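Architecture at a glance
Given next are the chains, with one letter for each unit.
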Amino acid sequence: MPKESNESSSEANKKMDSKGPDDSTEQTEASEEMLRKRIRTNTPSPHRLTPQSSPPKFVSMEELMETAKGVTNMALAHEIVVNGGFQVKPTEPAEGSLEKRVKEIMHKVFWDSLEAQLNEDPPVFDHAIQLVGEIKETLLMFLRPGQTRLKGQIEEALDLSLIQQQAENGALDISKVAQFIISMMGAFCAPCRDEDVRKLRDITDIVPLFKAIFAVLDKMKIDMANFAITSLRPHLLQQSVEYERQKFQDFLDKQPNALDFTLKWLQETADSLKESQGGAASDSSSSSQLALSVHNQAYLRLLNWDRSTDSFPETALMDRGRFLEMQLELERLVLVAAVLLIVYNSAGEAISGLPGLMDRLKNTMKILLADMHTPSFKLDEAFSSIGEKLCLELGECLSQHGFSPFHTDRQSALKGQVAAVQSADNPIRKLIDSRIQAYLLCFLESSQHKTPPTIPGGLAPVSKELEELGVKLSRLVNFNKLVFSPFYQKILQDIIQPRESADT
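A quick note: this is a predicted structure, and the numbers were derived from the prediction, not measured. (Residues numbered from 1 in each chain as written. Predicted model: local features only at pLDDT ≥ 70, side-chain atom pairs only at ≥ 80, totals over all residues. Heavy atoms only, no water.)

Let us look at the overall build of the protein. Of regular secondary structure, the protein possesses 20 helices and zero strands. Taking all 504 residues of the protein together, 45% fall into the buried category. Approximately 26,100 Å² of the protein is accessible, and the part contributed by carbon and sulfur atoms is 51%. (Helix = DSSP H or I, 4+ residues; strand = E, 2+ residues; numbered from the N terminus. Buried < 20%, exposed > 50% of the residue type's maximum accessible area, 1.4 Å probe, protein only. Areas by Shrake-Rupley, 256 points an atom, 1.4 Å probe, with all protein chains shown as cover.)

As structure tokens, then:
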């Protein structure tokens with residue numbers, strides 16, 4: 001699209017979403033400032049007239065390569081490595097926002113101007129040639145090193161000087177230029193964009209065609225950025241490990257007590273493990289096995305962390321938000337699995353194996369518990385609604401399949417059992433929670449294996465969600481271990497060796 005100036009365009013191209021380079025530096029500094037405090041106290045630029053949709057804020061190839069070389073953007077590199085589902089996504093201004101309104105007005109003005117120029121007699125191609133120039137830049141960006149033949153074809157077919165001369169002499173066939181552009185897009189696009197490119201060939205009017213071309217090019221840029229991220233992730237892993245470890249060591253040199261909460265976290269875990277196993281672990285396990293067990297158990301504790309405390313381990317501080325997100329998801333899964341276990345035990349064989357019932361009951365619960373961690377959420381009201389909805393679903397399902405009605409007394413009993421799950425001391429809720437904890441621990445212990453551990457009994461309704469959570473947790477834990485292994489090794493050695501000496 002037309003650019004106001006090279007300088008402003010450069011600034012726009014450097015912008016990205018909330019995980020962009022500028023923000024990452026601030027995030028790193030904020031993390032260090034958070035550590036210091038705790039130790040002491042215990043849109044795309046609106047000037048660019050982009051048709052259809054402005055180029056999304058995305059990580060450019062140059063920024064990705066810089067990240068791969070020096071990992072100067074630690075927050076971005078960290079996100080790419082630990083988040084297997086990380087993808088660049090287009091962003092749009094919020095509906096009704098001033099930014100969206102201004103953008104729409106600017107687009108309309110530009111396209112109206114283009115159409116007016118093309119409708120003049122003879123046609124004026126100034127705006128159209130400017131668009132061809134921007135499309136040419138984008139097509140060249142898609143080329144890989146060594147694709148000199150394709151580069152030559154693009155340079156020759158989209159020679160702006162020649163196109164300008166043709167326009168001045170009344171010999172320019174803009175439709176022919178557009179068809180060449182479409183053919184090049186078809187050669188460069190991912191398979192998922194083949195249909196989008198094919199539809200371009202059906203558009204005959206120039207202005208709608210150029211609008212559609214830019215819309216598809218926007219998608220292709222996103223595809224290219226995400227492909228680059230996938231390709232770079234293995235290379236980024238080792239780079240990020242070394243860089244983050246060195247950054248933390250630099251901080252530790254300045255703040256010698258920057259591992260106090262990490263030590264407390266691991267020591268409390270070791271003490272809890274010893275108490276629960278009655279000392280059997282140190283008698284039957286080697287030092288390395290015991291250290292690994294303590295470490296994995298410690299990570300599980302982060303999924304049950306008291307969110308009101310500031311004593312989060314320093315080594316996991318960058319991922320505190322991720323552990324909190326998983327903790328909230330885990331709490332929902334425990335409630336869903338516990339209630340479904342009660343429902344199926346209460347209704348008995350009549351509903352066992354009925355197609356679609358389990359998913360309907362689960363979806364009903366997930367909807368009613370979607371806001372359970374918001375301040376306005378009332379757990380008792382939600383569970384009252386859950387009991388009512390589930391009884392209604394069960395009654396309809398039993399009736400449809402010719403079973404005896406779900407009598408009022410059974411409904412009342414079921415509602416009472418469901419409501420009791422609100423309590424953290426509810427036996428069924430505690431049973432489900434312990435099984436999920438055991439499953440996730442197995443996930444961490446077998447994280448090097450390609451097959452996930454077996455789902456314990458009673459957790460089948462949430463098996464998919466649990467496996468996704470386990471993959472996310474193991475990815476995060478494995479990376480954290482790689483980065484901070486020298487620090488963990490020393491702490492765990494100091495914790496375990498005195499215990500072994502005392503036991504002997």
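Where helix H4 (residues 74-82) meets helix H11 (residues 206-254), the closest approach of the two axes is 8 Å, and the angle between their N-to-C directions is 125°. Comparing their axes, H11 and H4 come out oblique. Where H4 crosses over H11, the handedness of that crossing is left-handed. Facing H4, whose interface residues are Met-74, Ala-77, His-78, Ile-80 and Val-81, H11 presents Ile-229, Arg-233, Leu-236, Leu-237, Ser-240, Tyr-243, Glu-244 and Lys-247. The class makeup of the residues in the contact of H4 with H11 is eight nonpolar, two polar and three charged. (Axes fitted to C-alpha atoms, helices over the stretch in contact; angles between N-to-C directions. Parallel < 35°, antiparallel > 145°, perpendicular 65-115°, else oblique. Left-handed = near helix turned anticlockwise from the far one by under 90°. Contact = heavy atoms within 4.5 Å. Nonpolar A, V, L, I, M, F, W, Y, C, P; charged D, E, K, R; others polar.)

On to the side chain of Thr-269, then. Summarising the element assignment, Thr-269 is placed in helix H12 (residues 260-277). By relative accessible area, Thr-269 is classed as buried at 4%. In this structure the side chain of Thr-269 is engaged in a polar contact, spanning 2.9 Å, whose partner is the side chain of Arg-301. Those residues within four positions of Thr-269 in sequence are excluded, and the remaining contacts are Val-294, Gln-297, Ala-298 and Arg-301. (Polar contact = N/O pair within 3.5 Å; in protein donor to acceptor, adjacent residues only side chain to side chain.)

Turning our attention to the pattern of salt bridges. On inspection of all chains with the given rule, the structure shows 20 salt bridges. With a closest N to O distance of 3.6 Å, Lys-100 and Glu-95 form a salt bridge. Here Glu-329 ties to Arg-332 by a salt bridge, and the two come within 3.5 Å at their closest N and O atoms. Taken together, the residues Glu-329 and Arg-332, both in helix H15 (residues 320-347) and three residues apart, mark about one turn of the helix. Using a relative accessible area of 22% as the deciding quantity, one classes Arg-332 as partly exposed. Connected through salt bridges with shared partners, the residues Glu-95, Lys-100, Arg-101 and Glu-104 form a single ionic network. (Salt bridge = Lys/Arg side-chain N within 4 Å of Asp/Glu carboxyl O.)

Our next topic: the packing of aromatic side chains. A full pass over the atoms with the stated rule returns twelve aromatic pairs. Centre to centre, the rings of Phe-248 and Phe-487 are 5.3 Å apart; their planes meet at 70°, and the pair counts as edge-to-face. Separated by 239 residues along the polypeptide, Phe-248 in helix H11 and Phe-487 in helix H20 (residues 463-503) bring together distant segments of the chain. Judged by relative accessible area, which is 8%, Phe-248 ranks as buried. When the centroid spacing of 6.4 Å and the interplanar angle of 55° are considered together, the rings of Phe-312 and Phe-323 count as tilted. Taken together, the positions of Phe-312 in the loop between helix H14 (287-301) and H15 and Phe-323 in helix H15 put the pair eleven residues apart, joining distant regions of the chain. Of the two residues, Phe-312 and Phe-323, neither departs from the other in class, the shared state being buried. Grouped by ring-pair contacts, the aromatic residues Phe-248, Trp-265, Tyr-299, Phe-484, Phe-487 and Tyr-488 constitute a single cluster. (Phe/Tyr/Trp six-rings, centres within 6.5 Å; stacked < 30°, edge-to-face > 60°.)

Where H15 contacts helix H17 (residues 379-400), the axes come no closer than 12 Å and their chain directions differ by 40°. Between H15 and H17, the angle is such that the two are oblique. Regarding H15 and H17, the two cross each other, and that crossing is right-handed. Here Leu-335, Val-339 and Val-343 of H15 come into contact with H17, specifically with Phe-383, Ile-386, Leu-390 and Leu-394. Considered class by class, the residues forming the contact of H15 with H17 number seven nonpolar, no polar and no charged.

With 22 residues, H17 should reach 32 Å at 1.5 Å per residue; the first-to-last C-alpha distance of 31 Å fits that figure. For H17, every residue scored as buried is listed here: Ala-382, Phe-383, Ile-386, Gly-387, Leu-390, Cys-391, Glu-393, Leu-394, Cys-397 and Leu-398. Around the axis of H17, the buried residues are gathered within 165° of arc, so they sit on the same side. Opposite the packed face of H17, turned more than 90 degrees from it, sit the exposed residues Leu-392, Ser-399 and Gln-400. Buried positions along H17 lie against H15, helix H16 (357-368) and helix H18 (408-420). Just beyond H17, the residue with positive phi is Gly-402, at close to 80°. (Expected span 1.5 Å × (residues − 1). Arc of directions from axis to C-beta.)

Core analysis: the biggest nonpolar cluster contains 92 residues, and Phe-323, Val-339, Val-343, Ile-351, Leu-369, Leu-440 and Leu-473 have the highest contact counts within it. The element contributing the most residues to this core is H15, with 15 residues. With residues near it in sequence (within four places) discarded, Val-339 still touches Met-365, Phe-383, Ile-386, Leu-390, Val-418 and Val-421. In terms of nonpolar packing, the next biggest core, distinct from the first, is built from 42 residues, Ile-163, Met-184, Leu-200 and Val-207 among them. (Core = buried A, V, L, I, M, F, W, Y, C linked by side-chain atoms within 4.5 Å.)

In this section: the environment of Gln-411. Within the secondary structure, Gln-411 is located in helix H18. Take Gln-411: its relative accessible area is 22%, and that puts it in the partly exposed class. Linking Gln-411 and Leu-392, residues 19 residues apart in sequence, is a C-alpha distance of 9.1 Å. Residues contacting Gln-411, with those up to four places away along its chain left out, are Cys-391 and Phe-406.

Bringing the environment of Phe-110 into the picture now. For Phe-110, the location among the structural elements is in helix H5 (residues 98-119). Residue classification places Phe-110 among the buried positions, given a relative accessible area of 5%. For the pair Phe-110 and His-127, spaced 17 residues apart in the sequence, the C-alpha separation amounts to 8.7 Å.

Residues with a pLDDT of 70 or more make up 81% of the protein, whose mean pLDDT is 80. Counted against residues more than four places away or in other chains, residues 38-59, with its pLDDT under 50, gives 85 contacts. Under a pLDDT of 50 for its full length, residues 67-72 has, in the predicted model, 16 contacts with residues more than four places off or in other chains. (pLDDT = per-residue confidence, 0-100.)

In this model H14 runs 21 Å from its N-terminal to its C-terminal C-alpha over 15 residues, within 8% of the 21 Å that 1.5 Å per residue would give. By the burial criterion, the buried members of H14 are Leu-290, Ala-291, Val-294, His-295, Asn-296, Ala-298, Tyr-299 and Leu-300.

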